[in-house]
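# Fold and contact review
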Amino acid sequence: MKNYKKLGFDSKQAKDLVESLNTLIANYHVHYQKLRNYHWNVEGHSFFELHEFFELEYNSVKLQIDEIAERIRVFGKKPVSTLKEYLEMSTIEETDNSLNSSEMSAEILKDFETLISLCIDAHEKIAKEGDLATSDLLIAYIKRTEKSHWMLSSFMK
């Protein structure tokens, strides 16, 4: 039987990996809140479709946030967890509830593009360190977000 291979990342490697994951958590949290805002406040001819889409998205994002936080705990670190930290670290920005359905959709598409880019950046760093478990998570997030981007883009045409 082969020897068990544990994580084995030194503190510098773990710090860099966790930093990337905390950036993701911050962005996912702001994105999550935007989805909830839009779910509650969407109006107009596409209400039913977007109301449902935003809910499906925020439920998926909620699970992703939890998985990322648990992954950070695997490294013996703590995830960022305050609204202040999320807003300071996030490149995704809040919006208010005055947007129309087209503006909401455009904002979510922009968020998807930001999240895909951040996942790719984190994946490149994580893959270089040989963290297969986190790499697998991020690839799944990229696939899911690309599909959501395609679906919302198609709906908006």
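Below is a short write-up of the structure.

Procedures and definitions
- Residues numbered from 1 in each chain as written.
- Predicted model: local features only at pLDDT ≥ 70, side-chain atom pairs only at ≥ 80, totals over all residues.
- Heavy atoms only, no water.
- Core = buried A, V, L, I, M, F, W, Y, C linked by side-chain atoms within 4.5 Å.
- Buried < 20%, exposed > 50% of the residue type's maximum accessible area, 1.4 Å probe, protein only.
- Helix = DSSP H or I, 4+ residues; strand = E, 2+ residues; numbered from the N terminus.
- Contact = heavy atoms within 4.5 Å.
- Axes fitted to C-alpha atoms, helices over the stretch in contact; angles between N-to-C directions.
- Parallel < 35°, antiparallel > 145°, perpendicular 65-115°, else oblique.
- Left-handed = near helix turned anticlockwise from the far one by under 90°.
- Nonpolar A, V, L, I, M, F, W, Y, C, P; charged D, E, K, R; others polar.
- Salt bridge = Lys/Arg side-chain N within 4 Å of Asp/Glu carboxyl O.
- Phe/Tyr/Trp six-rings, centres within 6.5 Å; stacked < 30°, edge-to-face > 60°.

On to the nonpolar core, then. With 42 residues, the main nonpolar core has Leu-24, Tyr-28, Phe-54 and Ile-68 as its most contacted residues. Residue assignment for this core shows that the elements contributing at least two residues are helix H1 (11-41), helix H2 (47-74), helix H4 (101-129) and helix H5 (132-156). Ranked by residue count, the leading element in this core is H1, at 12 residues. With sequence-adjacent residues up to four places away left out, Leu-24 is seen in contact with Ile-68, Leu-118, Cys-119, Ala-122 and Leu-138.

Another point: the packing of H1 against H2. Put simply, H1 and H2 touch, their axes get as near as 9 Å, and they point 160° apart. The orientation of H1 relative to H2 falls into the category roughly antiparallel. The handedness of the crossing between H1 and H2 comes out as left-handed. Here the contact of H1 with H2 is built from residues that sort into 15 nonpolar, 6 polar and 5 charged.

What follows is about the pattern of salt bridges. One pass over the full model with this rule turns up 7 salt bridges. One salt bridge in this structure joins Glu-88 and Lys-84, with 4.0 Å as the shortest N-O distance. With Glu-88 and Lys-84 both in helix H3 (residues 83-89), this residue pair falls 4 residues apart, about one helical turn. Its relative accessible area of 57% is what places Glu-88 among the exposed residues. Taking relative accessible area as the criterion, Lys-84 reaches 60% and is therefore assigned exposed. Taking the shortest distance from any N to any O, the salt bridge between Lys-110 and Glu-107 comes out at 3.3 Å. A residue pair is termed a helical-turn pair when its members lie 3 or 4 positions apart in one helix, as Lys-110 and Glu-107 do in helix H4 at 3 residues. Among the residues examined, Lys-110 registers a relative accessible area of 45% and is labelled partly exposed. Within this structure, Lys-34, Glu-107, Lys-110 and Asp-111 form a network of salt bridges that share partners.

A word on the packing of H2 against H4. Packed helix pairs are specified by the crossing angle of their axes together with the interaxial distance, meaning the distance between the axes. Where H2 contacts H4, the two axes come as close as 12 Å, and the packing angle between them is 25°. By the criterion of interaxial angle, the relationship of H2 to H4 is roughly parallel. By crossing handedness, the relation of H2 to H4 is classed as left-handed. On the side of H2, the interface is formed by Leu-50, Phe-53, Phe-54 and Glu-57, while H4 contributes Ser-101, Met-104, Ser-105, Ile-108 and Phe-112.

To continue, consider the packing of aromatic side chains. In the structure shown here, the tally under the stated rule is 5 aromatic pairs. Judged by centre distance (6.1 Å) and plane angle (70°), the ring pair of Tyr-28 and Tyr-141 falls under edge-to-face. Separated by 113 residues along the polypeptide, Tyr-28 in helix H1 and Tyr-141 in helix H5 bring together distant segments of the chain. Note on accessibility: Tyr-28 and Tyr-141 belong to one class, buried. An aromatic cluster is present here, built from Tyr-38, Phe-53 and Phe-54 joined pairwise through their rings.

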